[in-house]
Amino acid sequence: GYVNSVSEAMDEYLGEYGKRKAYVKCDLVYVSLQQCVEAIVSAGGVAVLCHLLNYRLGTEENQQPPHYFKSLAGSRGALETSYGMYNEEDRQYLRSLADEFDLLHSAGSDFHAKEGDSLNQQFDSAQFLPLLEAMRPRSSHKEVNVRKI
């Protein structure tokens, strides 16, 4: 069928919570958060903790995931502070939480936003410059040599 928006497609066909007309349950085995973060960081990437407010934790509980995440990612960790479904109060709270735990700021780029909104309209991109700098290739990362046999 046809839909008028990505949101409608997720609600009607694809999303886990909508009518699920085309949703396919998949029983994946996930790695632990520690294994995931270690793989990202060892490859020279920046690990990002996303959708913190979607976990429906209390204010005090919200501090536990960033604290643990920071212990795993170190200086290569970020918190998603800007996301299409967050209002300015949410974004300010997350920015202060990221700063408290010395995590870089990141933004969600998926479709979840109010119709007509875009990342350019909602977010000041200057806040993400430290994240971009952290993502620059570093000479200290291991180089992988591939040779034909």
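Residues numbered from 1 in each chain as written. Predicted model: local features only at pLDDT ≥ 70, side-chain atom pairs only at ≥ 80, totals over all residues. Heavy atoms only, no water.

**Re the overall build of the protein**
Piece 1. Counting its regular elements, the protein contains 6 helices and 3 strands.
Piece 2. Within the protein, the fraction of its 149 residues that count as buried is 28%.
Piece 3. Counting only contacts in the protein whose residues sit at least 6 apart along the sequence, the fraction spanning at least 24 positions is 65%.
Piece 4. Here the protein displays about 10800 Å² of accessible surface, and carbon together with sulfur accounts for 53% of that area. (Helix = DSSP H or I, 4+ residues; strand = E, 2+ residues; numbered from the N terminus. Buried < 20%, exposed > 50% of the residue type's maximum accessible area, 1.4 Å probe, protein only. Contact = heavy atoms within 4.5 Å. Areas by Shrake-Rupley, 256 points an atom, 1.4 Å probe, with all protein chains shown as cover.)

**Brief notes about the confidence of the model for the protein**
If pLDDT is low for a region, its predicted coordinates should not be looked at in detail.
Piece 1. Per-residue confidence for the protein averages 76 on the pLDDT scale, and 66% of its residues sit at or above 70.
Piece 2. This stretch, residues 143–149, has a pLDDT under 50; its non-local contacts, to residues over four places away or in other chains, come to 0 contacts. (pLDDT = per-residue confidence, 0-100.)

**Observations concerning the sheet that holds strand β1 (residues 47–49)**
Piece 1. An order of β1-β2-β3 is seen for the 3 strands of this open sheet, with the pairing classed as parallel. The sheet is open, and its two borders are formed by β1 and β3 (104–107), each paired with just one other strand. For this sheet, the mean inter-axis angle between neighbouring strands, taken without regard to orientation, is 45°.
Piece 2. In the sheet, β1 pairs with strand β2 (residues 77–82) via 3 bridges, with the strands oriented parallel. Along β2, the bridge assignment pairs L49 with L79.
Piece 3. Helix α3 (residues 64–73) rests against β1 and β2 of the sheet, and its axis sits at about 175° to β1. (Pairing = 2+ DSSP bridges. Axes fitted to C-alpha atoms, helices over the stretch in contact; angles between N-to-C directions.)

**Details of the pattern of salt bridges**
Piece 1. Applying the stated rule across the entire model yields 3 salt bridges.
Piece 2. Of the charged contacts, one joins K70 and D102 as a salt bridge, the two residues approaching to 3.7 Å between their closest N and O atoms. Here D102 lies in the loop between α4 (88–100) and β3 and K70 lies in helix α3, a separation of 32 residues in the sequence.
Piece 3. A relative accessible area of 58% places D102 in the exposed class.
Piece 4. Among the salt bridges present, the one from E88 reaches R91, with a minimum N-O distance of 3.4 Å. (Salt bridge = Lys/Arg side-chain N within 4 Å of Asp/Glu carboxyl O.)

**Focus on the packing of helix α2 (residues 33–42) against α3**
Piece 1. Running from amino to carboxyl end, α2 crosses α3 at an angle of 45°, the nearest separation of the two axes being 9 Å. Classified by the interaxial angle, the pair formed by α2 and α3 is oblique. In the packing of α2 onto α3, the handedness of the crossing is right-handed. Residues L33, Q34, V37 and V41 of α2 lie in contact with α3, whose contacting residues are Y68, F69, L72 and A73. (Parallel < 35°, antiparallel > 145°, perpendicular 65-115°, else oblique. Left-handed = near helix turned anticlockwise from the far one by under 90°.)

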